[in-house]
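The residues making up each chain are set out below.
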Amino acid sequence: MTILKTAKAQSMNWQSELVSLTSRLRKARLDKGLSQSQIANQLGICERSYRDFEAGKSDLSSSRLFKLAQSLGVRILIS
């Protein structure tokens with residue numbers, strides 16, 4: 001039972017960190033006055049894919065994620 005609780009807690013922690021990341025990236029995008037469409041064009045993806053990423057419904061490849069962070073001036077540290 002303890003193993004399940006630990007795994008569930010780790011899963012919830014990962015999910016909350018992802019929500020925090022997408023929220024911070026969204027805020028940075030808005031602070032720069034950029035639309036989701038503009039960012040999607042910079043990343044070479046459709047607007048829907050980017051919208052889904054910000055909503056936490058899909059992922060970006062690591063290369064696109066780092067490109068996004070760089071274009072928004074956000075540092076991503078992976079530990």
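Small disclaimer: the values here were computed from a predicted structure and weren't measured.

Averaged over all residues, the pLDDT of the chain equals 82, while 76% of them reach at least 70. Contacts from residues 1–11, a stretch scored under 50 in pLDDT, to residues over four places away or in other chains number zero contacts.

Attention shifts here to the packing of aromatic side chains. Within the structure shown, the criterion is met by one aromatic pair. The interplanar angle of 45° and the centroid separation of 6.0 Å between the aromatic rings of Tyr50 and Phe53 together place this pair among those described as tilted. Here the residue Tyr50 and the residue Phe53 both occupy positions in helix H3 (residues 47–54), the gap between them amounting to three residues, near one helical turn.

Two elements in contact, helix H2 (residues 36–43) and H3, have axes whose closest approach is 8 Å; the angle formed by their N-to-C orientations is 110°. Taken together, the axes of H2 and H3 lie roughly perpendicular to each other. Residue-level contacts link Gln36, Ser37, Ile39, Ala40 and Leu43 of H2 to Glu47, Tyr50, Arg51 and Glu54 of H3. Its residues placed into classes, the contact of H2 with H3 shows four nonpolar, two polar and three charged.

What follows covers the nonpolar core. Within the largest apolar cluster, 16 residues are counted, with the highest numbers of intra-cluster contacts made by Leu25, Tyr50 and Leu68. Counting residues per element, this core draws most heavily on helix H4 (residues 62–72), at four residues. Contacts of Leu25, omitting those with residues within four sequence positions, involve Phe53, Leu65, Leu68, Ala69, Leu72 and Val74.

To continue, consider the pattern of salt bridges. With the rule as written, the count across this model stands at five salt bridges. Glu47 is the salt-bridge partner of Arg51, the closest N and O atoms lying 3.5 Å from each other. One end of the pair, Arg51, and the other, Glu47, are both in helix H3, four residues apart, so they sit about a helical turn from each other. On the basis of relative accessible area, Arg51 is assigned to the partly exposed category, the value being 34%. One salt-bridge network, held together by shared partners, links Arg26, Arg29 and Glu54.

Here is what the cut-offs are and how they apply
- Residues numbered from 1 in each chain as written.
- Predicted model: local features only at pLDDT ≥ 70, side-chain atom pairs only at ≥ 80, totals over all residues.
- Heavy atoms only, no water.
- pLDDT = per-residue confidence, 0-100.
- Contact = heavy atoms within 4.5 Å.
- Phe/Tyr/Trp six-rings, centres within 6.5 Å; stacked < 30°, edge-to-face > 60°.
- Helix = DSSP H or I, 4+ residues; strand = E, 2+ residues; numbered from the N terminus.
- Axes fitted to C-alpha atoms, helices over the stretch in contact; angles between N-to-C directions.
- Parallel < 35°, antiparallel > 145°, perpendicular 65-115°, else oblique.
- Nonpolar A, V, L, I, M, F, W, Y, C, P; charged D, E, K, R; others polar.
- Core = buried A, V, L, I, M, F, W, Y, C linked by side-chain atoms within 4.5 Å.
- Buried < 20%, exposed > 50% of the residue type's maximum accessible area, 1.4 Å probe, protein only.
- Salt bridge = Lys/Arg side-chain N within 4 Å of Asp/Glu carboxyl O.

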